[in-house]
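Descriptive structure summary
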Amino acid sequence: MGFSDLDALLTNEIAAEKLKGCSIFVQKGNKTLFQKSYGSDKEDSIYKIYSMSKPITSVAIMILFERGLLTLQEPVSNYLPAYKNMKVVTPNGIEEAKNQITIKHLLDMTSGLCYPGETTLSERIMQDLQHKMLGQVAAGKKLKTVEICNILAQTPLEFEPGTSWKYGFSADVLGAVVEVISGMTYGDFLKKEIFTPLEMFDTDFLVPKEKLPRLAKMYSRNPKTGKCETPTPEKIHWLGLDEPSKAPNIESGGGGLYSTIKDYSNFARMLCNGGTFINSKGEKVKILSKKTVNFMTKPNVSEMQKTSKYLINMDGYEYGNLLRIMTDLAKANSNGSLGEFGWDGLPGNYFMVDPEENLILVFLQHVAEGPDWILRNKYRQIVYSSLED
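Below: a short report on this structure.

Brief notes about unusual backbone geometry
In this structure, Glu 17 is a non-glycine residue whose phi angle is positive, near 65°. Residue class for Glu 17 comes out partly exposed when judged on its relative accessible area of 30%. The backbone of Asn 358 shows a phi angle near 55°, a positive value even though the residue is not glycine. Tracing the backbone through its elements, the reader meets Asn 358 in the loop between strand E14 (349-354) and strand E15 (359-364). According to the relative accessible area criterion, Asn 358 is partly exposed, its value standing at 30%.

This is the structure in structure tokens:
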């Protein structure tokens, strides 16, 4: 029973080639309950964490919030003027937006900003805009974070700010806000205020050349066999992994960071501790106040916004401040705790923090098609059922 079941679960996944590599870390209080890397991955493997960058961006904004350098209800246009007169898609066509996007709208994904896609008019316009920018970059034009985020404002919003919910570029725009307020690049701000204090020495928007041998290999899941295999060059390009050691044009607060199981566990432990971290010297490092962490880990979306959630496997969860928050164990079919929070990343990366149990879980993998939801539910179930052992 217990964590031997967790070890068997992941060992079997590797043996069946459903995974080629992964790393997991489980800690309750100061006691590590389970830590292991499997297959081709090692304890110090570096992973691109994609959307698990978003909770880090939320913390960055809360640092500025605590210092009185911004308020959550103020317009984003106070820092990025391109967002002052936004357009919005309506049943009557593209019209002037009635309301401005606020910082809080960005934190809650209620801004109306979307990701590129084919489904809606906003998505198609955003996709065309992105292709244009990529063409400019390929031709040698240098674009930086703030400039790129200002260009994104040319896309009409999918809905009036604050009236619905949609996953999109909101966190990236928050990164640009941090740059404007701090006078630093977003990456430098994160290093100074979060990564260095939390001893996250392998977390960055690129992988230095000397660390490239530690970069976890990306795999692709064969849709017919379910087995992982080497991805095509086109898939690697789509994932943005062509040149991991090259500085990106945009330091994406929504999905640009690389990290390790140790680094991200330090970040999760800080949140679980109410904003503080005990470093390797035994020193207490404060990133945020307990009151702020308590605020940022509560759901904020309205009833209208809840109905527009489209993310998979979010039953039982609500959303706020770039985090999912457990609000209904029965709907989630979970043996966990109310108030558990966290987020995940495109290739199957996942983390959760459970303040009630003083528990953190971080799971990292590199599979282009994303997580196996059944596997995710299984390792969560095992972890919670093992806490009494």
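Moving on from the model shown.
A closer look at the nonpolar core
Grouped together as the largest cluster of nonpolar side chains are 108 residues, with contacts concentrated most on Leu 6, Val 59, Tyr 83, Leu 190, Ile 194, Phe 267 and Phe 351. In this structure Phe 267 touches Pro 55, Ile 56, Val 59, Ile 194, Leu 198 and Met 200, once residues within four positions along its chain are discounted. Counting residues in hydrophobic clusters, the runner-up holds 9 residues, among them Ile 46, Ile 236, Leu 239 and Leu 241.

Concerning the packing of aromatic side chains
Any pair of aromatic rings gets described here by the distance separating the centres and the angle formed by the planes. Within the structure shown, the criterion is met by 14 aromatic pairs. Centroid distance Tyr 115 to Phe 169: 4.8 Å. Interplanar angle 80°. Geometry classified as edge-to-face. Here Phe 169 lies in the loop between helix H5 (145-152) and helix H6 (170-182) and Tyr 115 lies in the loop between helix H3 (103-108) and helix H4 (121-138), a separation of 54 residues in the sequence. The class of Phe 169 is buried, set by a relative accessible area of 13%.

Here's the deal with the sheet that holds strand E11 (residues 317-320)
One open sheet accounts for 7 strands, arranged E2-E1-E15-E14-E13-E12-E11; its pairing is antiparallel. The outermost strands of the open sheet, each flanked by one partner alone, are strand E2 (31-39) and E11. This sheet shows a mean twist of 15° between the axes of neighbouring strands, independent of strand direction. Against the sheet, helix H1 (residues 3-15) engages strand E1 (21-28), E2 and E15, with an angle of about 15° to E2. Lying over the sheet, helix H13 (residues 373-385) contacts E1, E11, strand E12 (323-326), strand E13 (341-345), E14 and E15, oriented at roughly 30° with respect to E14.

Notes on empty space enclosed by the protein
All chains considered together, the criterion is met by 1 cavity of 30 Å³ or more. As a volume, the largest cavity reaches approximately 30 Å³. Looking at the largest cavity, the residues that line it are Gly 348, Phe 363, Gln 365, Pro 371, Asp 372, Leu 375, Arg 376 and Tyr 379. Looking at the lining of the largest cavity element by element, the count peaks at 3 residues for H13. Residues of the lining of the largest cavity, tallied by class, amount to 4 nonpolar, 2 polar and 2 charged.

As for the environment of Lys 36
Mapped onto the fold, Lys 36 is located in strand E2. Since its relative accessible area comes to 33%, Lys 36 is described here as partly exposed. Taking the C-alpha atoms as reference points, Lys 36 and Val 26, separated by 10 residues in sequence, lie 9.4 Å from one another. Dropping the residues within four chain positions of it, Lys 36 is found in contact with Asp 7, Cys 22, Ser 23 and Ile 24. Of note is the side chain of Lys 36, whose polar atom sits 2.9 Å from the side chain of Asp 7.

Remarks on the pairing of E13
Burial runs high along E13: 5 of the 5 residues are buried. Across the two faces of E13 the burial is the same, with Phe 341, Trp 343 and Gly 345 and Gly 342 and Asp 344 all buried. Of the strand pairs in this sheet, E12 and E13 are connected by 2 bridges, and their pairing is antiparallel. Bridging across to E13, Ile 325 finds its partner in Phe 341.

Quick notes on the layout of surface pockets
Roughly 270 Å³ of volume is contained in the second largest pocket. Together, 16 residues line the second largest pocket, and Phe 25, Gln 27, Asn 266, Arg 269 and Phe 277 are the ones closest to its centre. Elements that contribute at least two residues to the lining of the second largest pocket include exactly E1, helix H9 (261-272) and strand E9 (276-278). At 5 residues, the largest contribution of residues to the lining of the second largest pocket is made by H9. Classifying every residue of the lining of the second largest pocket by side-chain character gives 5 nonpolar, 8 polar and 3 charged.

Focus on the environment of Lys 217
Structurally, the position occupied by Lys 217 is in the loop between helix H7 (186-195) and strand E6 (220-221). Relative accessible area serves as the criterion here: at 41%, Lys 217 is assigned to the partly exposed category. The spacing of Lys 217 and Thr 119 is 98 residues in sequence and 31 Å in space, taken between C-alpha atoms. What Lys 217 contacts, discounting residues up to four positions off in sequence, is Thr 230 and His 366.

Reading the values: the criteria
Residues numbered from 1 in each chain as written. Predicted model: local features only at pLDDT ≥ 70, side-chain atom pairs only at ≥ 80, totals over all residues. Heavy atoms only, no water. Buried < 20%, exposed > 50% of the residue type's maximum accessible area, 1.4 Å probe, protein only. Helix = DSSP H or I, 4+ residues; strand = E, 2+ residues; numbered from the N terminus. Core = buried A, V, L, I, M, F, W, Y, C linked by side-chain atoms within 4.5 Å. Contact = heavy atoms within 4.5 Å. Phe/Tyr/Trp six-rings, centres within 6.5 Å; stacked < 30°, edge-to-face > 60°. Pairing = 2+ DSSP bridges. Axes fitted to C-alpha atoms, helices over the stretch in contact; angles between N-to-C directions. 1 Å grid on protein atoms, 1.4 Å probe; cavity = no way out; pocket = protein on both sides within 12 Å on 5 of 7 lines; lining within 4 Å. Points joined across faces, edges and corners; volume = space filled by probe spheres on them. Nonpolar A, V, L, I, M, F, W, Y, C, P; charged D, E, K, R; others polar. Polar contact = N/O pair within 3.5 Å; in protein donor to acceptor, adjacent residues only side chain to side chain.

Structural measurements only, silent on function.
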